[in-house]
Amino acid sequence: MTERIVLAYSGGLDTSVAIGWIQEATGAEVVAMAVDVGQGGEDLETIRQRALDCGAVEAYVADARDEFAEEYCMPGLKANTLYMDSYPNVSALSRPLITKHLVRAARQFGASTVAHGCTGKGNDQVRFEVSLTSLAPDLKCIAPVRDLALTREAAIEYAERNELPIVTTKSNPFSIDQNVWGRAVETGFLEDIWNGPTKDVYDYSDDPAFPPPADEVTIEFAQGVPVRIDGREVTPLQAIEELNQRAGAQGIGRIDIVEDRLVGIKSREVYEAPGAMTLITAHRELENITLEREQARFKKLVDQRWTELVYDGQWFSPLKKNLDTFVDASQEYVSGEIRMVLHGGRATVEGRRSDSTLYDFGLATYDEGQTFDQSAARGFIDIFGLSSKQAAARDVKFGRNEL
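So, here is what we can say about the structure in this document. Keep in mind it's a predicted model, so treat the numbers as computed, not measured. (Residues numbered from 1 in each chain as written. Predicted model: local features only at pLDDT ≥ 70, side-chain atom pairs only at ≥ 80, totals over all residues. Heavy atoms only, no water.)

### Comments concerning the overall build of the chain
Okay, step 1: Helices and strands together make up the secondary structure of the chain, namely 14 helices and 14 strands.
Okay, step 2: Taken along its principal axes, the extent of the C-alpha atoms in the chain is 85 × 55 × 45 Å.
Okay, step 3: Taking all 403 residues of the chain together, the buried fraction comes to 48%.
Okay, step 4: Put simply, of all contacts in the chain between residues at least 6 apart along the chain, 72% involve residues at least 24 apart.
Okay, step 5: In the form shown here, the chain has an accessible surface area of approximately 20,500 Å², with 50% of it arising from carbon and sulfur atoms.
Okay, step 6: Charge separation in the chain, taken as the distance between the mean sites of 42 positive and 64 negative side-chain charges, equals 5 Å. (Helix = DSSP H or I, 4+ residues; strand = E, 2+ residues; numbered from the N terminus. Buried < 20%, exposed > 50% of the residue type's maximum accessible area, 1.4 Å probe, protein only. Contact = heavy atoms within 4.5 Å. Areas by Shrake-Rupley, 256 points an atom, 1.4 Å probe, with all protein chains shown as cover. Lys, Arg positive; Asp, Glu negative; His and termini not counted. Charge placed at Lys NZ, Arg CZ, Asp CG, Glu CD.)

Here you go:
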């Protein structure tokens, strides 16, 4: 029986060309596997047919939109995932899911090897292969674009020479990855970090300088997960999709950063994540009124480490699983409503309410009826400042006071 290799297939240039490259290099048959994580664009049936036309013997397509939203994006939302305080892990969240389906396809089609189209400079090669090692250490993995150091020019020449059914052009220099959580754009003139993004870089968002009228939205959460928008029940997928449209129309969620890649390279990246950034903004504000102070302070550390692990391809690691337990437990009382105004590139919180809030009007108010015992403050300050007072007295004793 001829050996089979399952290729993670996007329908783009590199993975379309990889089908023929793999066959020529190994003599194996190629099974193309495409996963719908809400990336939009071409119909998956079109992508499936293209894989077959490029030489794949089988083409496997999985609709994983709800699975991605519920099992990957929502954990990211609960952890307020923002790598380098900016990037909501758009690509990183999808890679373990795609790898899971890659393994399923390998088992279904009797393959002992899988393949991806990542380069040697990026993060995704690590995310795919570390996830693969965690899920199916018996499977081998090849990466023709990386291992053969194949360039875009070589891919275009190969596609044209073999008359592959894919548009190939040097005039579109960008490398783009997108899903329902957001869109990532890199390479081309963006690699000169003095250059600003041009209008053609963006697709999920409109120009925030020319916004439509302000859009007020109320998002209701239950234990950290959005369940209603403006009173209408929504699934996680529907919440992200609706806010992609509404926040995107206002130019919200545009991110332009020089990012520290896992492999040690600094890389200029432009992201669009209107729905993700709106939801994270709302979720963080709801946590502000429902998490106890020390719990909230510690969770920020957990959120950062969780985000770094996911960015680094450690979705299935023991530590990340342990942090999942903490994050989930922290969401017990993160339920309530956040009212926001979306306008001109900003998602601004204007109202908060929750049955489980720790905000107490009686304690907070400076007006009549306040319940805070101000007479307790003097003793609190004496005790709170006692250690600093002792240290200052020692400095005076040894002539090291700062006055």
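### Observations regarding the pairing of strand β9 (residues 225-229)
Okay, step 1: Relative to β9, strand β8 (residues 215-222) runs antiparallel, the two being bridged by four bridges. Paired with Phe221 across the strands is Pro226, a residue of β9.
Okay, step 2: Hairpin connection between β8 and β9: a loop of two residues separates the two successive antiparallel strands, and Gln223 in this loop has a positive phi of roughly 50 degrees.
Okay, step 3: As paired strands, β9 and strand β10 (residues 232-233) are joined by two bridges and run antiparallel to one another. Looking across to β10, one finds that Arg228 is bridged to Glu233.
Okay, step 4: Where β9 folds back on β10, the antiparallel hairpin that results is connected by two residues, among which Asp230 adopts a positive phi of roughly 50 degrees. (Pairing = 2+ DSSP bridges.)

### Describing helix α2 (residues 44-53)
Okay, step 1: Among the residues making up α2, those that are buried are Leu44, Ile47, Arg50 and Ala51. Along the axis of α2, the buried positions cluster into a sector of 115 degrees, meaning they face one direction only.
Okay, step 2: Looking at the buried positions of α2, the neighbouring elements they touch are α1 (13-26), β2 (29-36) and β3 (58-63).
Okay, step 3: The opening residue of α2 is Asp43, an N-cap whose side-chain oxygen sits 2.8 Å from the backbone nitrogen of Glu45.
Okay, step 4: Gly55 lies just past α2 and shows a positive phi near 115 degrees. (Arc of directions from axis to C-beta. Polar contact = N/O pair within 3.5 Å; in protein donor to acceptor, adjacent residues only side chain to side chain.)

### Notes on the layout of surface pockets
Okay, step 1: The space that makes up the second largest pocket amounts to roughly 460 Å³.
Okay, step 2: Lining of the second largest pocket is provided by 18 residues; of these, Asn80, Asp85, Arg284, Lys300 and Asp303 occupy positions nearest its centre.
Okay, step 3: Contributing elements (two or more residues each) for the lining of the second largest pocket: α9 (274-290) and α10 (293-311).
Okay, step 4: Broken down by element, the lining of the second largest pocket gets its largest block of residues, eight residues, from α10.
Okay, step 5: Here the lining of the second largest pocket is built from residues that sort into seven nonpolar, four polar and seven charged. (1 Å grid on protein atoms, 1.4 Å probe; cavity = no way out; pocket = protein on both sides within 12 Å on 5 of 7 lines; lining within 4 Å. Points joined across faces, edges and corners; volume = space filled by probe spheres on them. Nonpolar A, V, L, I, M, F, W, Y, C, P; charged D, E, K, R; others polar.)

### Some details on the side chain of Arg246
Okay, step 1: Here Arg246 lies in helix α8 (residues 236-249).
Okay, step 2: Among the residues examined, Arg246 registers a relative accessible area of 17% and is labelled buried.
Okay, step 3: Side chain to side chain, Arg246 and Asp215 meet in a polar contact 2.8 Å long.
Okay, step 4: A distance of 3.2 Å separates the side chain of Arg246 from the backbone oxygen of Glu216, its partner in a polar contact.

### Considering unusual backbone geometry
Okay, step 1: Even without being a glycine, Glu163 presents a positive backbone phi close to 55 degrees.
Okay, step 2: Along the polypeptide, Glu163 turns up in the loop between α7 (152-161) and β6 (175-179).
Okay, step 3: Using a relative accessible area of 69% as the deciding quantity, one classes Glu163 as exposed.
Okay, step 4: Notably, Thr187 is not glycine yet its phi reads approximately 70 degrees, a positive angle.
Okay, step 5: The residue Thr187 is located in the loop between β7 (182-186) and β8 in this model.
Okay, step 6: On the basis of relative accessibility, which here comes to 22%, the residue Thr187 falls in the partly exposed class.

### Thoughts on the sheet that holds β6
Okay, step 1: Taken in spatial order, the four strands make up an open sheet running β6-β7-β12-β11, and their pairing is antiparallel. At either margin of the open sheet sits one strand with a lone partner, and together these are β6 and β11 (254-260). On average, adjacent strands in this sheet sit at an angle of 20 degrees to one another, irrespective of strand direction.
Okay, step 2: Here β6 pairs with β7 via five bridges, running antiparallel. Each residue of the ladder has a partner; that of Asp177, found in β7, is Ala184. (Axes fitted to C-alpha atoms, helices over the stretch in contact; angles between N-to-C directions.)

### Details of the state of the cysteines
By definition, a disulfide links the sulfur atoms of two cysteine residues through a covalent bond.
Okay, step 1: Tallied over the entire structure, the rule returns zero disulfides.
Okay, step 2: In this model Cys141 remains outside any disulfide bridge; the closest cysteine sulfur is found in Cys118, 8.5 Å from its own. (Disulfide = S-S within 2.5 Å.)

### Details of the side chain of His116
Okay, step 1: Structurally, His116 is set in the loop between β4 (113-115) and α5 (124-135).
Okay, step 2: By relative accessible area, His116 is classed as buried at 1%.
Okay, step 3: Looking at His116, its side chain comes within polar contact range of the main-chain nitrogen of Cys118, at 3.1 Å.
Okay, step 4: Once residues lying within four places of it in the same chain are set aside, the contact partners of His116 are Leu7, Gln125, Phe128, Glu129, Cys141, Ile142, Ala143, Pro144 and Arg146.

Everything listed here is a matter of geometry and, on its own, says nothing about what the molecule does.
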